[in-house]
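# Close look at the chain arrangement
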Amino acid sequence: MNLSTKILIGLALGIIAGLELGAEGAAFAKAWIGPLGTIFMNMIKMVIVPLVFSSLVVGVCSLGDIKKVGRIGIKTVAYYLGTTAFAIVIGLVIGTVMEPGAGMSMPAGTAKVAAKAAPPIMKVIVDIFPTNPMEAMLKANMLQIIVFSLFVGVGITAVGEKADYLKHTLNGLAEVSYKIVGMIMSVAPIGVFGLITPVVAANGPAVLLPLLKVVIAVYLSCLLHAIFVYGALLKFIGGTDVARFFKEVSPASLMAFSSCSSGGTLPLTMSCVQKLGVSKEVSSFVLPLGATINMDGTAAYQGVCALFIAQLYGIDLTGAQYFTIIITGTLASIGTAGVPGAGFIMLTMILTALGLPLEGSALIAGIDRILDMPRTSVNVTGDAVVTYLVDKSEKSNQEEPLY
């Protein structure tokens, strides 16, 4: 039985257990079942920093040419921004067709929500350069770790033979990290069970029914984005078997669905894409960046939620406002990179740009954990797709397909 099947079984058992426990058993699930998921995620987080740092440094050393690093970086960001824009459009289309906010009224007791401003873009750029790389590692600041790793990799390459010992040491650290990830993944089904059971128990049918159309719209938007946007990219640019690709990355997608953490899924995503033939050099560069700035699933969610709130208040949006949602959401995916609660910050930014009442986002916040699951899964799947496409373009001189 492969890993994705085992994870799927853990997910299914968690859903069944959560429904059986219900709201009355939510406290029990959180106290006694939830820790299984917490321990699992702690183990994953334990290995993320050494894995990203060592594999990225070794990857840059293997690439050698700094121009090649820059070329891969430009391709990566272009793919991430392009797919994010498409995701918002899909969310807007589904929100327009389904009208999840039509016929609903705003509850009188809904809490006021203050807009959360994203940091200025120049501050984001300045902050990616660490003053203390050890502090960046302690705080797991992925953008800063990526930048520091790039400098170390370029430095080792420039020094040459004298730095071979350091290069081999970091290569050994990367291999040890991969082995530890394999050990942790052996208990993934138990971890997934522990993660999903408390969520289902706390957010049963009674909680979801009033906002069921929003939930369906977000899930449908994410699914359509994965099928049509990622499927088209893989088929026509990647020239690969789409069904097989999704099957191979399904362990990472399911893990992301259960954990709602792109960073926590990163080691497994690396393993999945490397099984597809993607080089360690490319995957160790593209995936950490994607786990930080790629927000396709979140973008689809933004489109649905913005229309839901407009419909909730009976506000008709103009064509210019639709365009504003697309531009704001796409740029915000970079501007909120690495900021805690980035999805909610993006939503309040869009609502503020459109002049829509922020109070409506309080309703979304109530079911945010349920909506976070599909969008994180799509985020991670998108990371894998872009990594595959970038790697394929770097190997474009090869006659044979990757598999």
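It should be noted that the structure appears before, not after, this text.
What comes next concerns the included structure. (Residues numbered from 1 in each chain as written. Predicted model: local features only at pLDDT ≥ 70, side-chain atom pairs only at ≥ 80, totals over all residues. Heavy atoms only, no water.)

## Quick notes on the overall build of the protein chain
Here is the rule: Helix and strand definitions follow DSSP, with helices as H or I runs of at least four residues and strands as E runs of at least two, each counted in order from the N terminus. Burial classes: relative accessible area under 20% of the type maximum marks a residue as buried, over 50% as exposed, and values in between as partly exposed (1.4 Å probe, protein chains only). When checking whether two residues touch, look at their non-hydrogen atoms; a contact exists if any pair is within 4.5 Å. Note on areas: these come from Shrake-Rupley sampling with a 1.4 Å probe, and a residue is covered only by the protein chains present in the view.
Looking only at helices and strands, the protein chain features 18 helices and zero strands. By the burial criterion, 53% of the 403 residues in the protein chain qualify as buried. By sequence separation, contacts in the protein chain at least 24 residues apart represent 84% of the contacts at least 6 residues apart. For the protein chain, the exposed area adds up to about 17500 Å²; of that, 68% sits on carbon and sulfur atoms.

## Things to note about the nonpolar core
The following threshold applies: For our purposes a nonpolar core is just a set of buried Ala, Val, Leu, Ile, Met, Phe, Trp, Tyr and Cys residues, chained together by side-chain atoms within 4.5 Å.
Counting residues in each nonpolar core, the largest one holds 113 residues, and the members touching the most others are Phe40 and Met185. It is helix 2 (residues 26–63) that contributes the most residues to this core, 14 residues altogether.

## Considering the packing of aromatic side chains
To be explicit about the condition: Only the six-membered ring of Trp is used, alongside the rings of Phe and Tyr, when aromatic pairs are assigned; centres must lie within 6.5 Å, and planes under 30 degrees apart are stacked while those over 60 apart are edge-to-face, with the rest tilted.
Per the counting criterion, the structure on display carries four aromatic pairs. Geometrically, the ring pair formed by Phe53 and Phe148 is stacked, given 5.7 Å between the ring centres and 10° between the ring planes. Taken together, the residues span a long stretch of sequence, with Phe53 in helix 2 and Phe148 in helix 6 (residues 142–159) at a distance of 95 residues. Accessibility expressed as a relative area gives 12% for Phe53, which makes it buried. Seen in terms of ring centroids, Phe245 and Tyr388 are 5.5 Å apart; in terms of plane orientation they differ by 70°. Their pairing is edge-to-face. Of this pair, Phe245 sits in helix 11 (residues 242–259) while Tyr388 sits in helix 18 (residues 368–394); the two residues are 143 residues apart in sequence, bridging distant segments of the chain. Just as Phe245 is buried, Tyr388 falls in that class too. Aromatic rings pair up to connect Phe245, Phe246 and Tyr388 into one cluster.

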